[in-house]
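Here is how the chains run, residue by residue.
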Amino acid sequence: MSPRARPQLAIYPGSFDPITRGHEDIVRRTLRFCDGVVVAVSHHATQLKHGLFSVGERLELIQQVFDDDERIEAVAFSGLLVDFARKREINLIVRGLRAVSDFEYEFQMALMNRDLQPGIETLFLAPDARYSFLSASLVREVAALGGDISAFVAPVVQKQILQKLGEQ
Ligand code: PNS
């Protein structure tokens, strides 16, 4: 097999408010078949959510979590994901699929993105079973109510969540 002319990159888009162990798991799985991953934090999430961290803070946390791996880049983007992907010349979107309940929303987005930009493909990855119930919003809620989130986020993220909640 001949080597690839260009590195194969994937975009992993999301809200990442904040990045969880589940997100980390998807990024590391993607690196098994891609040369690099662009973790893309959207200024425009499709589903309305009450945020905890600013986009800049989310980016910083992602950068700190993946500090040891230069194949992973964290960037923020505005507007349509497909426009961002086109500018970066990346035609592969990666998303984690945790349960059947994720499917409808993910399927709609994948088909809409492909309709907006033919040639772009979405690849769904199943996270480690340990993280199949995990979401950033649940982590925020558990932390706000005094639960232990140490298994669900990196230590640096845990520290920042607790600090942020303490400020509120
Ligand atoms: O982690 P999330 O919040 O489920 O991620 C959703 C995200 C950011 C991937 C989605 O809302 C998105 O792609 N937003 C960018 C704006 C856009 O392209 N919207 C059309 C999606 S079909």
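Summarised in this report is the structure supplied together with it. Owing to the predicted nature of the structure, the values given are computational and were not obtained by experimental measurement.

What follows covers the overall build of the protein chain. Per the secondary structure count, the protein chain includes 6 helices and 5 strands. Along the protein chain, helices and strands appear, N-terminal first, in the series β-α-β-α-β-α-β-α-β-α-α. Computed over C-alpha atoms, the radius of gyration of the protein chain comes to 16 Å, within 12% of the 15 Å expected from 2.2 N^0.38 for 168 residues, which places it in the range of a compact globule. C-alpha extents for the protein chain along the principal axes are approximately 50 × 35 × 30 Å. Here the analysis covers contacts within the protein chain between residues at least 6 apart in sequence; of these, 76% occur between residues at least 24 apart. Taken as a whole, the protein chain presents about 9600 Å² of accessible surface, with 53% of it coming from carbon and sulfur. For the protein chain, the centre of its 19 positive side-chain charges and the centre of its 22 negative side-chain charges are spaced 2 Å apart.

This part is about helix H5 (residues 136–144). Within H5, the full set of buried residues consists of Ala136, Val139, Arg140 and Ala143. Buried residues in H5, looked at end-on, bunch into an arc of 100°, giving them a common side. As for H5, its buried residues are in contact with helix H1 (21–30) and helix H6 (155–167).

This brings us to unusual backbone geometry. Following Asp17, the chain continues into Pro18 via a peptide bond in cis, with omega recorded as 0°. The topology assignment puts Pro18 in the loop between strand S1 (9–14) and H1. Positive phi, close to 50°, is recorded for Phe16, a residue that is not glycine. Here Phe16 falls in the buried class, since its relative accessible area comes to 3%. One non-glycine residue, Glu89, adopts positive backbone phi at about 60°. For Glu89, the position within the fold is in the loop between helix H3 (81–88) and strand S4 (92–96). For Glu89, a relative accessible area of 57% puts it in the exposed group.

On to a nonpolar patch on the surface, then. A cluster of nonpolar residues, Val100, Phe103, Phe107 and Leu111, forms a patch on the protein surface that exposes about 400 Å² of accessible area. The topology assignment puts Leu111 in helix H4 (residues 100–116). Given the relative accessible area of 37%, Leu111 is considered partly exposed.

This part takes up the pairing of S4. Among the 5 residues in S4, 5 count as buried, and that is most of the element. Neither face of S4 is open: one carries Leu92, Val94 and Gly96, the other Ile93 and Arg95, and all of them are buried. Across 5 bridges, the pairing between S4 and strand S5 (residues 121–125) is parallel. Residue pairing across strands places Gly96 opposite Leu125, the latter belonging to S5.

Moving on: the nonpolar core. The biggest cluster of nonpolar side chains holds 33 residues, and the ones touching the most others in it are Val27, Val39, Ile62, Phe66, Val157 and Ile161. Of all elements in the fold, only S1, H1, strand S2 (36–42), helix H2 (55–65), strand S3 (72–77), S4, H5 and H6 reach the threshold of two or more residues within this core. When residues of this core are assigned to their parent elements, the largest contribution, 5 residues, is made by H2. Not counting chain neighbours up to four residues away, the residues in contact with Ile161 comprise Pro18, Leu52, Phe53, Val139, Ala143 and Ile149. Judged by nonpolar contacts, the second largest core, of 12 residues, contains Ile11, Phe84, Ala85 and Ile93.

Quick notes on the rules
Residues numbered from 1 in each chain as written. Predicted model: local features only at pLDDT ≥ 70, side-chain atom pairs only at ≥ 80, totals over all residues. Heavy atoms only, no water. Helix = DSSP H or I, 4+ residues; strand = E, 2+ residues; numbered from the N terminus. Rg over C-alpha atoms; globule rule 2.2 N^0.38 Å. Contact = heavy atoms within 4.5 Å. Areas by Shrake-Rupley, 256 points an atom, 1.4 Å probe, with all protein chains shown as cover. Lys, Arg positive; Asp, Glu negative; His and termini not counted. Charge placed at Lys NZ, Arg CZ, Asp CG, Glu CD. Buried < 20%, exposed > 50% of the residue type's maximum accessible area, 1.4 Å probe, protein only. Arc of directions from axis to C-beta. Patch = residues over 30% accessible without salt bridge, like charges linked within 9 Å, V, L, I, M, F, W, Y side chains within 5 Å. Salt bridge = Lys/Arg side-chain N within 4 Å of Asp/Glu carboxyl O. Pairing = 2+ DSSP bridges. Core = buried A, V, L, I, M, F, W, Y, C linked by side-chain atoms within 4.5 Å.

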